[in-house]
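# Tertiary structure, described
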Amino acid sequence: MDTSFSPDELAFRDEVRAFIAENYPEDIKAKMEAGVELNKEETLRWHGILAKKGWVAPGWPEEWGGTDWTPGQKFLFDQACAEAGTPGVLPFGISMVAPVIYTFGSDEQKQQHLPPIYNGDLWWCQGYSEPGSGSDLASLKTKAVRDGDDYIVNGSKTWTTLAQHADWIFCLVKTDTNVKAQEGISFLLIDMKTPGITVRPIITMDGGHEVNEVFLEDVRVPVANRIGEENKGWTYAKFLLTHERTGIAGVARSKKGLARLKEIAKAEYIDGRPLFEDQDFSRKIAELEIDLTALEYTDLRVLSELRKGNHPGPESSILKIKGTEIQQRLTELTLEAVGTYAAPFYRGLDDRWNEFPVGPDYAVGSAPKYFNMRKTSIYGGSNEIQRNIIAKAVLGL
Amino acid sequence: MDFSFTEEQTLLRNTVERFVLDNYEFETRRQMTATEEGRNPANWAQLAELGILAAPFSEDHGGLGYGATETMVVMEELGKGLVVDPYFPSIVLGGGLLRHGGGAIADEVIPQVAMGEDILAFAYAEPKGRFNLADLETTAKADGGDYVINGHKAVVIGAPFATKLLVSTRTSGGVRDADGVTVFVVDAKADGVSIRSYPTVDGLRAGEVYFENVKVPANNIVGELDNGLPLIEQVADEAIAALSAEATGAMKVLTDATVEYSKTRVQFGQAIGKFQVLQHRMADMFMAHEQSTSMTYMVTMKLDEDAKTRGMAASAAKVQIGKAGREVGQSAVQIHGGMGMTDELNVGHYFKRLTMIDAQFGNVDYHLKRYATLSKS
């Protein structure tokens, strides 16, 4: 039993920390610290900084730009980024579609797609969920019908994150409706500029525009844009869902959030004393910190298995459930700490976020963030689905 | 022992229900709250015409002489419609202070309020005061026969609509002393008053209110000089009863909507309402709403009792609705899935309102402490 990292690993962490300290743009940092969503340019700027350094896709094969880091190094890299409060690299290209492409794609597909994903030249989004297919993803209805060298795609996708910026979408489509749901699905890469695609924004209750509906009407997609075999798409999708689960617990980011919560509790006053000294509130912080410690050590145990070359199984549902519950609790306590000044709503927050906030700066995004984070127990396989996975696949019930 | 409503109360409920149905179709509300004004003044005129604004005031003041139960009925229905008209700040808070404060100023202002001509807002919270109603840095200093007010009031709900502001000030004593608190009525357009208006996350309008050497005559004191805190506490407890009723209305809508949705949303070949884990969660929502209704009745019936009994009842109710509001709101969003996250479905809006109600007039922690303290007094 040993929870320490090797001297080499620690030296690596120092290198990452130094790089971030030197290269993390101040304007992006300020926005991140205020809890305000980044715009496209800012997101891509940070992506570009990491790409230039060669650190944007650590998990990829080396020939395409991967770093060949050990699981320990990957963990420490994520941790250093989270500690510094950097934005996460958007997962849709780097850690979702790219692994599918380099694992199952053709050479042409790899040549065409991996370099622009690496460099952040093309923005990807994920076309999985549909209005009638959420938790039950395999019931999806979007159809692709073969017509010569093309498929004609019809249907609609929803909850498509940041589709408003996307150049490409990877889609699950039905290519055979006469077989079991999972056996008639194919995985297509679709250029968003193709005629017949429209994107409709979905505004969420926090006022943000993060997700969209994507309508596909007689969209012509070359068969060459299909990943792997026809009707094998579910296999690739499942691979994608289990790939790159490291970081799913979000321990380091929650630690950062916890530190911020403490700062807020020190700045807020209750009966003339800092809220941080209030016994009721400090107990709540302590309880959350203890939950987070438990998650941290569970996460480290998963990491330890990875370092031995073992892949985490359905147990990793713990990381999703506990990770999101902690993130939600964190925003709930932050909202509570902020108190009165959680109420003001700043319209068009992304452009005007720092225009004279009434009340303290840290109060600005507290309520929208709390509302927004309710999504985490719904997305990525709802927490009910995750508990089903544990019950069935782990406990054999 | 009888919890049923009189015919008159049922009639009142039907009137408010009809008002909500006519004016608060969800899309109408969404458009209304997005306007510069943030409300439709015609709604206010209609509430005045229907006599809703006059309900709690005495007949001498042009009111209907109704009591706490009627206010509860009105607030519950307003809660079901997520109504943004300033009934709560103007009638419950401002009107409450004037009713209990009495005197010439009440005789002068209440008839205007009951007709909807004057709209009130109560500026009580301060940037550093959190939920302590006596934690006041705003001062009013005697100057001949007048008082001069200086200070900054935080997140004053309804301030942008208000023609008159009620403001809690310190006229003597230290920052958190119980004695030395005085409430004044100030014209919203008086020299030295400035209001910075903004929308709130739950679709209301509020403002930061700044008082800079604002001169008001001693006649504008509401209640007694230096003895304003008991008055404020009484009105705060009534406000909590009203908010409890509003929250109960909102919880009812969310629970019903969630149950209905779970019967129609099909995943894995069956309505999601067939899944036991969701059934239990909805059973909990149902119980949370019922328990909140019970506590709303309880506090409403105890508002006329002594300060300790009344205070404990209000704190108990606020703890219940704070906890239940969070549970019902979060569950409604979760069971609606992605749809529950959207601005275009009403669910998120009720969730946001319930969230903000918890922070109005003290959250769960504040009222647990207050209850414990009062029970030992």
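Residues numbered from 1 in each chain as written. Chains lettered and ligands numbered in written order. Predicted model: local features only at pLDDT ≥ 70, side-chain atom pairs only at ≥ 80, totals over all residues. Heavy atoms only, no water.

### Section: a nonpolar patch on the surface
Taken together, the side chains of Val394(A), Leu395(A) and Leu397(A) define a hydrophobic patch exposed on the protein surface, amounting to about 320 Å² of accessible area. Looking at the secondary structure, you find Val394(A) in helix H13 (residues 383–394). (Patch = residues over 30% accessible without salt bridge, like charges linked within 9 Å, V, L, I, M, F, W, Y side chains within 5 Å. Areas by Shrake-Rupley, 256 points an atom, 1.4 Å probe, with all protein chains shown as cover. Salt bridge = Lys/Arg side-chain N within 4 Å of Asp/Glu carboxyl O. Helix = DSSP H or I, 4+ residues; strand = E, 2+ residues; numbered from the N terminus.)

### Considerations on the domain arrangement of chain B
Residues and elements named next belong to chain B. Split into domains, chain B comes out as domain 1 (7–118), domain 2 (121–225) and domain 3 (230–376). Taking the mean C-alpha position of each, domain 1 and domain 2 sit 22 Å from one another. Across the boundary between the two partners, domain 1 contributes 21 residues, which contact 19 residues of domain 2. Taken over both partners, the interface formed by domain 1 and domain 2 buries close to 1,500 Å², and the fraction arising from carbon and sulfur atoms is 67%. The tally of links between domain 1 and domain 2 comes to one salt bridge. Residue aspartate 118 pairs with lysine 164 through a salt bridge whose shortest N-O separation is 3.3 Å. Along the contact surface separating domain 1 from domain 2 lie six residue pairs in polar contact (both at pLDDT 80 or more). Breaking the side of domain 1 that touches domain 2 down by element, the ones donating at least two residues are helix H2 (26–34), helix H5 (87–101) and helix H6 (103–114). No other element matches H5, which puts six residues into the side of domain 1 that touches domain 2. (Domains from an automatic or database assignment. Contact = heavy atoms within 4.5 Å. Buried area = accessible area lost by both parts, 1.4 Å probe. Polar contact = N/O pair within 3.5 Å; in protein donor to acceptor, adjacent residues only side chain to side chain.)

### Remarks on the pairing of strand S5 (residues 185–191) of chain A
Residues and elements named next belong to chain A. For S5, the tally of buried residues reaches six of seven residues, placing the bulk of the element in the interior. As paired strands, strand S4 (residues 168–174) and S5 are joined by seven bridges and run antiparallel to one another. For lysine 174, the partnering residue across the bridge sits in S5 and is isoleucine 185. Sheet topology note: the S5/strand S8 (residues 226–227) ladder contains two bridges and is antiparallel. (Buried < 20%, exposed > 50% of the residue type's maximum accessible area, 1.4 Å probe, protein only. Pairing = 2+ DSSP bridges.)

### Quick word on the pattern of salt bridges
Applying the stated criterion to the full structure yields 45 salt bridges over all chains. Across the pair Arg329(A) and Glu332(A) runs a salt bridge whose closest N-O atoms are separated by 2.7 Å. With a gap of three residues between them, Arg329(A) and Glu332(A) both fall in helix H10 (residues 317–338), about one helical turn apart. When its relative accessible area of 11% is taken as the criterion, Glu332(A) is described as buried. Note that Asp143(B) and Lys215(B) form a salt bridge whose closest N and O atoms lie 3.5 Å from each other. One end of the pair, Asp143(B), is in strand S2 (residues 139–143); the other, Lys215(B), is in strand S7 (residues 205–217), and 72 residues separate them in sequence. Residue classification places Asp143(B) among the partly exposed positions, given a relative accessible area of 36%. Among the ionic contacts, a cluster of salt bridges with common partners joins Arg13(B), Glu76(B), Glu77(B) and Lys80(B).

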